Amino acid sequence: MRKLSFDTPDEALNFLLEGNKKFIEGKPEIKNYCFDSMKESLETGQKPYAIVLGCSDSRVSPEILFDTGLGELFCVRTAGNTIGPNVLESIEYAVKKLQIKLLIVLGHQDCGVMKYAMNAPLYNDCFENLIYQVQSVKHEKGLDDYDALAKEYLEVCKHRLLVKSNIIANACKNEGLKIAKAYFDIHTGLINVVE
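Below: a short report on this structure. (Residues numbered from 1 in each chain as written. Predicted model: local features only at pLDDT ≥ 70, side-chain atom pairs only at ≥ 80, totals over all residues. Heavy atoms only, no water.)

## A closer look at the sheet that holds strand 5 (residues 191–194)
Cut-off, in case you're wondering: The pairing criterion for strands is at least two bridges between them, as found by DSSP. A helix here means a DSSP run of H or I that spans at least four residues, while a strand means a run of E at least two residues long, and both kinds are numbered starting from the N terminus. Axes here refer to lines fitted to C-alpha atoms; in helices the fit is confined to the stretch in contact. Angles between the N-to-C directions go from 0 to 180 degrees. Whether two residues touch is decided by their heavy atoms; if any such pair falls within 4.5 Å, the residues are in contact.
The mixed open sheet is built from 5 strands, whose spatial order is 2-1-3-4-5. Unpaired on one side and paired on the other, strand 2 (73–78) and strand 5 mark the two borders of the sheet. Ignoring which end each strand starts from, the neighbouring axes of this sheet average 25 degrees apart. The pairing of strand 3 (residues 102–108) with strand 4 (residues 178–184) spans 7 bridges and is classified as parallel. Bridged to L106 within strand 4 is A182. Relative to the sheet, helix 1 (residues 9–25) contacts strand 1 (50–55), strand 2, strand 3, strand 4 and strand 5, its axis offset from that of strand 3 by approximately 35 degrees.

What follows is the structure, given as structure tokens:
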């Protein structure tokens, strides 16, 4: 297992984007996921350099898309990368206890939650919390495309993290935490940072 550290969150982000290029080119650096090759590093504890809040979609595994190994990313995944209390506290733990300085909010093309939210009734018994969070953006922005909704929802996630968590807001203001919004294009394999 690689032992990596970065001076700035931007260096970590650029490293991950380079890993994404290796994934696309079919030249991953991480090739041996066997237990024997990682046992010693795994037993010494974790020291991830980035948090990824991503979607639970089975096609969007951050470790593979960024070409990383075990112990490099602290991943929190929910359908539609929606944020509830346990998600928020998991990220707060990574920021406060693990002192990670990069938080990536990773959305993606062809997200099932975004598709469902486009046509679901506002009040329903299915996926109520997921749909409410996403539909509020759809109605506020007047969006009719689920991929555009997924990109717009990244800013909502970032805002929600800062408003709902004093730990995250303080880390951004005083401790050098960077929140980066990123979007995975399923057709090309490319992850782009969304400004």
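That covers the picture; the talk isn't over yet.
## Some remarks on the nonpolar core
We count it as follows: For our purposes a nonpolar core is just a set of buried Ala, Val, Leu, Ile, Met, Phe, Trp, Tyr and Cys residues, chained together by side-chain atoms within 4.5 Å. Accessible area is worked out with a 1.4 Å probe on protein chains only. A residue is then buried under 20% of its type maximum, exposed over 50%, and partly exposed in between.
Counting residues in hydrophobic clusters, the biggest one holds 35 residues, and the most contacted among them are I51, L53, I91, L161 and I168. For this core, the leading source of residues is helix 7 (residues 146–164), giving 6 residues. Setting aside residues no more than four positions away along its own chain, L53 makes contact with V76, N81, I83, V87, I91, L103, I104, V105, L106 and L161. The next biggest cluster of nonpolar side chains, apart from the first, holds 18 residues, and it includes L13, L73, I104 and F184.

## Notes on the environment of V193
Following the sequence through the fold, V193 ends up in strand 5. C-alpha separation for the pair V193 and I100, spaced 93 residues apart in sequence, amounts to 19 Å. For V193, the residues in contact, after removing those within four places along its chain, are L13, L17, K181 and A182.

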